[in-house]
Amino acid sequence: MKLITDSVVRDRYRHTRVPPNNAEMQSTSVLRVKIAAGSAKIRSGMPSDEKADLENEAMLDSVWTGVVPVHYTYGEPMPGPYNRVKATPAYLDEYVRETNNDARETALGQATTAMKPKVKQED
C-alpha cells in the first residue's frame, strides 16, 4: 500500500494514518489492469493553413490564428471541517505546484511542436 500511495504523491503514505485501521484495509482494494486498447483524438502544434489562405493578405491581416494550450491545474488545498493542522503539509504544496507546472509545460510543448503533414489517402 505504501508503494502505491507514494507513487501517486511523493511521501504521502507517511502523512496518512499509519498503519491503516481494519476498516480502511477492508474497504481498500488494489486492482492491476492491463489495457488492451484505447483511443484518443489529440492535436498538437500550430495550425497548418491552406496555401490559398496563406496567400490571402487581407485574411492574414484580419484573422487571428494560433492555439490556446489547454492543461488542468489543481487549486489551493482547502482544509476539511475537522482539520486541526494549521499549515498545509509541504508534500501537498509541492505536489500541487509540480503537477501544475508539469501540466503547463506539457501543454506549451505540445502547442509549439510542429504538426506532422496529413497523408492524403487515395480512393
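Look a little higher up for the structure.
Residues numbered from 1 in each chain as written. Predicted model: local features only at pLDDT ≥ 70, side-chain atom pairs only at ≥ 80, totals over all residues. Heavy atoms only, no water.

The secondary structure content of the protein chain amounts to 5 helices and 0 strands. Counted from the first residue to the last, the protein chain has its helices and strands arranged as α-α-α-α-α. By the burial criterion, 9% of the 123 residues in the protein chain qualify as buried. Considering only intrachain contacts with a sequence separation of at least 6, the fraction spanning at least 24 residues in the protein chain is 61%. On the protein chain, roughly 11500 Å² of surface is accessible, and the fraction owed to carbon and sulfur atoms is 54%. Where the 17 positive side-chain charges of the protein chain centre and where its 17 negative ones centre are 12 Å apart. (Helix = DSSP H or I, 4+ residues; strand = E, 2+ residues; numbered from the N terminus. Buried < 20%, exposed > 50% of the residue type's maximum accessible area, 1.4 Å probe, protein only. Contact = heavy atoms within 4.5 Å. Areas by Shrake-Rupley, 256 points an atom, 1.4 Å probe, with all protein chains shown as cover. Lys, Arg positive; Asp, Glu negative; His and termini not counted. Charge placed at Lys NZ, Arg CZ, Asp CG, Glu CD.)

To continue, consider the packing of aromatic side chains. Under the defined criterion, the tally for this structure stands at 2 aromatic pairs. Measuring from centroid to centroid gives 6.0 Å for Tyr72 and Tyr74, while their planes differ by 70°, and the two rings are edge-to-face. Geometrically, the ring pair formed by Tyr74 and Tyr95 is tilted, given 5.7 Å between the ring centres and 35° between the ring planes. Here Tyr74, found in the loop between α4 (57-62) and α5 (90-112), pairs with Tyr95, found in helix α5; they are 21 residues apart in sequence, far enough to count as distant. The class of Tyr95 is partly exposed, set by a relative accessible area of 23%. (Phe/Tyr/Trp six-rings, centres within 6.5 Å; stacked < 30°, edge-to-face > 60°.)

Turning our eyes to something else, we now look at the environment of Glu105. Among the secondary structure elements, Glu105 is positioned in helix α5. In this structure Glu105 comes out as exposed when scored by relative accessible area, which is 56%. Considered as a pair, Glu105 and His71 are 34 residues apart in the sequence and their alpha carbons are 9.0 Å apart.

One non-glycine residue, Asp11, lies in the positive phi region at around 65°. Mapped onto the elements, Asp11 comes out in the loop between α1 (2-8) and α2 (22-26).

Residue placement: Asp61 occurs in helix α4. By relative accessible area, Asp61 is classed as exposed at 67%. Sequence spacing of Asp61 and Ala114 is 53 residues, and the spatial spacing of their C-alpha atoms is 23 Å.

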